Each structure stands twice: as structure tokens, then as C-alpha cells.
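The chain contents come next:
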Amino acid sequence: MLGIVAGLALAGCETAGGGTAPAGVGTLGGAAAGAGVSRAIFGNSTSGMLIGAAAGGIAGNMTLDRQAEIRRTQEAEASRDASARRQLDFERQRALQDEEVRREIEERRLFEQWQRERKG
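**What about the overall build of the protein chain?**
Then, number 1: On a plain count of helices and strands, the protein chain comes out with three helices and zero strands.
Then, number 2: Secondary structure elements in the protein chain, listed N-terminal to C-terminal, are α-α-α.
Then, number 3: Expressed as a percentage of its 120 residues, the buried residues of the protein chain come to 18%.
Then, number 4: Across the protein chain, contacts joining residues at least 24 apart in sequence account for 60% of those joining residues at least 6 apart.

Here it is in C-alpha cells:
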């Protein structure tokens, strides 16, 4: 009974496709599982169910919700890193283009100077 309740609670906390569950799902699932397990062990004892729900909620928060938070933090860091790399690539490309334009202007100026000296 305990294994079934815990398995159902944990299965409800996962999302399809390996994504992250919404915040608090692990806490709620753990609390529900804890209350169910406490009821199975202690009967209809309200205090036992509340203690079981609190313990299950803490366990659910520490396992599933913390993992989801860590995953979201890692994804945000990866996104910031990718954005910084794109910005750096953009800046490098812009510097190369600026240098190319400067070189073309200088070549044009030298060509025009050569033409004036040849005519003059």
C-alpha cells in the first residue's frame, strides 16, 4: 500500500517529455502521499495524517521541487551563455565588417590619388 501511494504521488509529479513540473507539485504530491500513508498506518487519526502530510510535503519539496528548480536555473544559465556567445559573435563580425569598409575606403582614396597624380 505504501509503495503504491508513493509511486502514484511521484508519477503525478512528472511531466511528459522530460520537462520540469510546475513549482510546488512535489510538495503537494508528497503531502498527499504522506497523508495517505499515515492514514494507512495510523487509521483515521487527524494528527497522524497532518504529521504524515507535513513530512511528505517536505520530502516532496526536497526531492522533486528542488530538482526542478535546479534544472530551471541551469537552463537559464545555458540561455544566458548562449546569448553572450551570440553577442560576442555579432561584435566580432561587426569589427570584421568595419575593418573591411575602412580598407575599401583607403584603397579607393589611394586609387583616386594615383589617378590625380597620373593626370597632373
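**Some remarks on the pattern of salt bridges**
Then, number 1: If you walk through the whole model with that rule in mind, you get five salt bridges.
Then, number 2: Among the salt bridges present, the one from Glu99 reaches Arg102, with a minimum N-O distance of 2.5 Å. Residue Glu99 and its partner Arg102 are located together in helix α3 (residues 46-119), separated by three residues, close to a single helical turn.
Then, number 3: Looking at Glu99, the relative accessible area reads 35%, which means it is partly exposed.

Basis of the calculations
Residues numbered from 1 in each chain as written. Predicted model: local features only at pLDDT ≥ 70, side-chain atom pairs only at ≥ 80, totals over all residues. Heavy atoms only, no water. Helix = DSSP H or I, 4+ residues; strand = E, 2+ residues; numbered from the N terminus. Buried < 20%, exposed > 50% of the residue type's maximum accessible area, 1.4 Å probe, protein only. Contact = heavy atoms within 4.5 Å. Salt bridge = Lys/Arg side-chain N within 4 Å of Asp/Glu carboxyl O.

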